[in-house]
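Listed below are the residues making up each chain.
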Amino acid sequence: MQSLKRRYKYLQMLSLLFVSVLLLLMPFFLNTYYVRLLQLIGIYVLLATGLNLVTGYTGQVSLGHGGLYGIGAYTSALLATKLGLSFWVALPLSILVAAVFGVILGFPSLRIRGPYLAMVTIGFGIIIEKIMVEWTGLTGGPIGIMGIPTPQIGKFLFTGNRMYFLILFLVGIGLVVAHNLINSKWGRAFVAIRENEIAAGAMGINVREFKVIAFTLSAAYAGAAGSLYSHLSGYISPDSFTFNFSIFSLLLIVVGGMGTIVGPVIGAAVLTFLPEVLHGFDKYRLLIYGVLLIISVLAMQEGIVGLIKRKISSNDMPQDSNQYLPEKKTLKVGFLKTVRRNFNGSILELVNVSKSFGGLTAVNRLNMKVVEGTIHSLIGPNGAGKSTVINLISGFYRPTSGEIKFKGRVVSVFETHIQAKSGIARTFQNVQLYQKASVLDNVLVGMHLRINEGFWGTCLKLPAVRRSENLARQEAMALLRFLGLERYAEMPAEKLPYGHQKLLEIARALALQPDLLLLDEPAAGLNETEVVELAKIITQIKEKGVTVLLVEHQMNLVMEISDYITVIDYGKKIAEGPPEVIQNDQTVIQAYLGTEVA
Amino acid sequence: MLRVTGLSVSYGSVNAVKKVSFEVAKGEIVAIIGSNGAGKTTILETISGILKPSEGKIEYQEKDITGQKAEKIVRLGISHMPEGRKIFPDLTVEDNLLLGGWVRRRDRQIIQQNIDIVFSYFPRLKERKAQLAGTLSGGEQQMLAISRALMSSPNVLLLDEPSLGLAPIMVQEIYRIIKELNSQGLTILLVEQMAYLALKVASRGYVLENGRIVLNGTGTELLQNPKVIDAYLGGKKKNQKEKPKEASL
């Protein structure tokens, strides 16, 4: 596997080198027409890479990128023609202006999603287009703006091949920055939002903030692309920034492969060259695009890149499934820091907490104290309100009345990412993993709050960022080893068997280094031997100083490891005490344990 | 009733199930046990037509059904309750049930009869029938998943971890219901992590390891087999004195 990975990496480097040399030499052997095509491809690559950040990685479909691209182009054109600013000033300003509009476009994504968001972005694109046409005084109306100067330094004019190299250089930077961001906590946060917003919040990611960041970044790329287009053409008009162009942008990443770095590159190259190859069919260009879109959605959902990947991996994947078997007895822990904490006994306290949904009272005036450093179990019949309690503590719900105290302080804000930040981690009853992301990345998302990777440092991939990334990976691997999942590290989470997905959730939650760990039915889907292992794992977690609140139905587990048990039914506490007491409590036996003896 | 011969299933190039053969006779409860990743769920999903086998044969009532589409297989009388509930969260409880009875939808009487039956098993669902299924608690969703599988009046019921997420008292109830369904003539193929429980109700059982069947026998035989005790019953000897109540669950 290791050598295989190295071989793959080697192959990647080699092809990258080959393509770079080719790109550097190409203009010298091509006529100006083809150089011009290459320049256009470069601009589309920038645009598509940006769109890919927000749509491919973060999962927020935008059909308004034609508008953002237009904003970049017009800003540059106006600054150059009206104020006489040079390209070198106009470019960064265009990026900035487009980014500001990106923030604006990002806001709707906080409230709406899916098709509705797509509609809003379409609206945005159309409004921008209309402004370009109607605001004749500023934009020149349908005629557009002419005489946009070619970039120059002193007397050195960037025409022909020179402009080509300038674009190539900027595209290179754009791709490297995108690559660096994607392989960092930033990119992982984007993917986490795409795969599972609920679980992203629970790991401490401020979902709203990161959605806006994704839109802003994306818009910045569109702005750069637009500015380059302006200065390359020397003339712009609203015709270049229509709704059709927004669809074309989306097509670039869909055909190439969403959520990959090379996808947009391939998409831009194929879709720009294709019409040239089919020169005689110019009239049918849109028709061809339409057909292509249908084909790529139906037949190759991960685009051309996905198609190639599947070819490679199906040949290279090891044949024996045994290699995915978890290692047994790997319970060494070195990563969880034993910390002395002191919250005067109870780390968590629920005082008269109620939660009702419409007419249904799920939790009814519940009082509960969880002592620091213990394993406290919450049990009760199905529908008793256990998961609701977990959801209240972890900030998914706000209590209807009553108060929750954590570490001695009354909780006032109920937001999952804030609770995560304050030291509460959780797992979910119905598995909530980032399905398509690798097992390792799932754990790394859990470390989001602790990984110190600043935005600019990550863009440049400074040594400090590199180090922190390496450290994080090592720690994540240690966590996987702790749960016996090490061998799965590179597999997508969705490929794990159910029981192991639940274990992965524990690894991810531990990655937060929480003070309080909420486990919602961790043993569901494990067989009895695996439950014994789980008991050891939970006990070790406790020994490291983490308080555990456990919701579980497997009584042998609960009775074996709990220090204290609270039993609820219909949202009300019906009993509490140490395991021995609960086991013999008649009310509990009747409501919950049942009487059948083995 | 159901005969599987030399079945292999692979995901890409990973073989999850390797040349597995077993049989379920009419009126039997057969359990498949094994650790996570052994291939239990894969076998059920292949029988019900969700996955296609790479080799082997699946026969139902002496007819080859290998590689048939899932909807066809439900119509033939094999109903599957998937692992992890997979209910339709944005539909009401009642609509979930009606969809379970899709293949019998023309026979309103049978549908109504089936609804009455599952409500008598799970009165909680009747109380919640107008509620969106996604708002049910985990255990209630599990009840719904089982009920939905019963709505098509199957001859063979494939149950993937029916006890998942259920309170002990509910687990006893579910297994009582399983036995009752079985005594009324329903043939059941059961996959279960709680091996002890499964083997107790099963007439026969198979132990799956790394996609291969390594042991088979009657439920009682397997329960006494030291290998099984070691690997799946937590190394615990049954009839152990300590905590008899919980150990059984």
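Everything here concerns the structure above.
The structure displayed is predicted, hence computed values, not measured ones. (Residues numbered from 1 in each chain as written. Chains lettered and ligands numbered in written order. Predicted model: local features only at pLDDT ≥ 70, side-chain atom pairs only at ≥ 80, totals over all residues.)

### Points about the overall build of chain B
Link 1 in the chain: Looking only at helices and strands, one finds 11 helices and 10 strands in chain B.
Link 2 in the chain: Against the compact-globule benchmark of 18 Å for 249 residues, chain B has a radius of gyration of 18 Å, which places it among compact chains.
Link 3 in the chain: The principal-axis extent of the C-alpha atoms belonging to chain B is close to 50 × 45 × 35 Å.
Link 4 in the chain: When each of the 249 residues of chain B is scored for burial, the buried share is 51%.
Link 5 in the chain: Taking all contacts inside chain B whose residues are at least 6 apart in sequence as the whole, residues at least 24 apart take part in 63%. (Helix = DSSP H or I, 4+ residues; strand = E, 2+ residues; numbered from the N terminus. Rg over C-alpha atoms; globule rule 2.2 N^0.38 Å. Buried ≥ 20, exposed ≤ 12 C-beta atoms within 10 Å, placed from the backbone. Contact = placed C-beta atoms within 7 Å.)

### Here we look at the sheet that holds strand E9 (residues 204-209) of chain B
All names here are of chain B.
Link 1 in the chain: Pairing within the open sheet is mixed, and its 6 strands lie in the order E6-E7-E8-E3-E9-E10. The open sheet terminates on both sides in strands that have one partner only, identified here as strand E6 (78-81) and strand E10 (212-218). Mean inter-strand twist for the sheet, computed between neighbouring axes without regard to direction, equals 15 degrees.
Link 2 in the chain: Sheet topology places E9 next to E10; 6 bridges connect them, and they run antiparallel. When the bridges of E10 are listed, Gly-205 appears paired with Gly-217.
Link 3 in the chain: Sitting on the sheet, helix H1 (residues 40-47) is in contact with strand E3 (29-33), E6, strand E7 (156-160), strand E8 (187-191) and E9, with an inclination near 150 degrees to E7. (Pairing = 2+ DSSP bridges. Axes fitted to C-alpha atoms, helices over the stretch in contact; angles between N-to-C directions.)

### Examining the sheet that holds strand E9 (residues 409-410) of chain A
Residues and elements named next belong to chain A.
Link 1 in the chain: Ordered in space as E6-E5-E8-E9, the 4 strands form an open sheet in which the pairing is antiparallel. Each edge of the sheet is formed by a strand with only one pairing partner; in this case those strands are strand E6 (360-371) and E9.
Link 2 in the chain: The pairing of strand E8 (residues 401-406) with E9 spans 2 bridges and is classified as antiparallel. The residue bridging Lys-405 from the neighbouring strand is Val-410, located in E9.

### Things to note about helix H25 (residues 586-593) of chain A
Residues and elements named next belong to chain A.
Link 1 in the chain: Those residues of H25 not exposed but buried are Val-588, Ala-591, Tyr-592 and Leu-593. Projected onto a plane normal to the axis of H25, the buried residues spread over an arc of 145 degrees and lie on a single side.
Link 2 in the chain: Phi turns positive one or two residues past the end of H25, at Gly-594, with a value near 80 degrees. (Arc of directions from axis to C-beta.)

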